[in-house]
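Chains, contacts and geometry: an overview
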Amino acid sequence: MPAAAAVGLGLRRALIPELLAADPAAFDFLECAPDNWVGIGGLAAEQLHTLSHRHPLTCHGLSLSLGGVAPLDLDFLAATRRFLDAHAVALYSEHLSWCDDGAQLYELLPLPHSEEAVRHVAGRIQQVQDVLGRRIAIENVSRYATPPAGNAPLSEAEFVCAVLAEADCDLLLDVNNVQVNALNFGGDAMAFIAAMPSARIACLHVAGHEVEASGLRIDTHAKPVDDAVWQLLAHTYRCHGLRPTLLERDGDFPPLAVLTDELRCIRDTQRACTRAAA
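So, here is what we can say about the structure in this document. (Residues numbered from 1 in each chain as written. Predicted model: local features only at pLDDT ≥ 70, side-chain atom pairs only at ≥ 80, totals over all residues. Heavy atoms only, no water.)

What follows covers the overall build of the protein. Each helix and strand in the protein was counted, giving nine helices and 12 strands. Over its C-alpha trace the protein gives a radius of gyration of 18 Å, about what one expects of a compact globule, namely 19 Å for 278 residues. Taken over the C-alpha atoms alone, the protein extends approximately 55 × 45 × 40 Å along its principal axes. Here the protein holds 278 residues, and the buried ones make up 53% of them. Sequence-distant contacts in the protein: of pairs separated by 6 or more residues, those separated by 24 or more amount to 80%. A total accessible area of about 12,000 Å² is found for the protein, and carbon and sulfur atoms account for 54% of it. Across the protein, the 20 positively charged side chains and the 35 negatively charged ones have centroids separated by 6 Å. (Helix = DSSP H or I, 4+ residues; strand = E, 2+ residues; numbered from the N terminus. Rg over C-alpha atoms; globule rule 2.2 N^0.38 Å. Buried < 20%, exposed > 50% of the residue type's maximum accessible area, 1.4 Å probe, protein only. Contact = heavy atoms within 4.5 Å. Areas by Shrake-Rupley, 256 points an atom, 1.4 Å probe, with all protein chains shown as cover. Lys, Arg positive; Asp, Glu negative; His and termini not counted. Charge placed at Lys NZ, Arg CZ, Asp CG, Glu CD.)

Set out below in structure tokens:
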């Protein structure tokens, strides 16, 4: 597992040439989606092997559909386990969402915040942990609608905490997603962060998002991290202490030097919070 103060970067194929040439001290770990790498050979596999031996590798899944009703893909889970073992991956995470209705929908769709949904998704998380032979972390997701939750709806924070407890798994806390949802639905981002259980937070994500003309925030990971998310990251450290923190960038890639500037902002935020706590 990366150290508490570790700073990481999402491993995207568009960045590989620059990552291979980068100063190893520029980042402490990399994160990839095994869905995009299982079964890949040739030069790409060699490059991944080089990077995963230079830096610890974490993995963030995209297609398990933990909240879905279609049976879990056990063959894919077995292949994922082999990939995690081959690259000595200490942290594997997935999204608290669904994305499969008999076919891959390529969207991370929200779940109803209900006790029934808690039991359903927790059971599937436990099955995944059994097949993978390791604890996993689940990520709070950005959303643009909330499915009906019946007569006794939970808040988003209550729902996430209930799933963590029922499944006995960890949390990948995406700070940008908290901000996006708070702005889109009128919630309190700082209160959501404070409500998360410190002992289960394995890692943090930060990213940038787009703002539509209507004011809707879209979680694109294609913009710089904005000031409000930096402030929320500092609040997260103050509430829960330092955690490994990853910068996600999935599009409109700037030169790696621009991304390493954002990584330095993470380190600066960590140092400022550590000094303030001393």
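Close approach of charged atoms lets side chains of opposite charge pair. This structure, assessed with the given rule, holds nine salt bridges. Note that Asp-170 and Arg-135 form a salt bridge whose closest N and O atoms lie 2.9 Å from each other. Note that Asp-170 is positioned in strand β8 (residues 170–174) and Arg-135 in the loop between α4 (115–132) and β7 (137–139), a separation of 35 residues in sequence. The exposure class assigned to Asp-170 is buried, which follows from its relative accessible area of 16%. A salt bridge links Asp-261 to Arg-264; its shortest N-O distance comes to 2.0 Å. Taken as a pair, Asp-261 and Arg-264 lie in helix α9 (residues 256–277) at a separation of three residues, close to a single helical turn. The class of Asp-261 is partly exposed, set by a relative accessible area of 40%. With a relative accessible area of 44%, Arg-264 lands in the partly exposed category. (Salt bridge = Lys/Arg side-chain N within 4 Å of Asp/Glu carboxyl O.)

Before going further, it helps to examine helix α8 (residues 227–240). With 14 residues, α8 should cover 20 Å at 1.5 Å per step; its first-to-last C-alpha distance of 20 Å lies within 8% of that length. All buried positions along α8 are accounted for by Val-229, Trp-230, Leu-232, Leu-233, Ala-234, His-235, Thr-236, Tyr-237 and His-240. At its buried positions, α8 is contacted by β8, α6 (175–185), α7 (189–195), β9 (201–206), β12 (245–247) and α9. Where α8 starts, the residue carrying a side-chain oxygen 3.2 Å from the main-chain nitrogen of Ala-228 turns out to be Asp-226. Following α8 by one or two positions, Gly-241 adopts a phi angle in the positive range, close to 85°. (Expected span 1.5 Å × (residues − 1). Polar contact = N/O pair within 3.5 Å; in protein donor to acceptor, adjacent residues only side chain to side chain.)

Moving on to the packing of aromatic side chains. Note on aromatic pairs: each is described by the distance of the centres and the angle between the planes. Scanning the model with the defined rule gives zero aromatic pairs in all. It is Arg-13 that lies over the ring of Trp-37; its NZ or CZ is 4.5 Å from the centre. Stacked on the ring of Phe-185, the Lys or Arg Arg-143 has its end atom at 4.2 Å from the ring centre. (Phe/Tyr/Trp six-rings, centres within 6.5 Å; stacked < 30°, edge-to-face > 60°. Lys NZ or Arg CZ within 6 Å of the ring centre and 35° of its normal.)

What follows is about the environment of His-221. Examined against the element boundaries, His-221 turns out to sit in the loop between β11 (217–218) and α8. A relative accessible area of 10% means that His-221 is categorised as buried. With 26 residues separating them along the chain, His-221 and Leu-247 place their C-alpha atoms 9.2 Å apart. Ignoring sequence-local partners within four residues, the contact set of His-221 consists of Ala-207, Gly-208, Glu-248, Arg-249, Asp-250 and Gly-251. In terms of polar contacts, His-221 uses its side chain to reach the side chain of Asp-219, at 3.1 Å.

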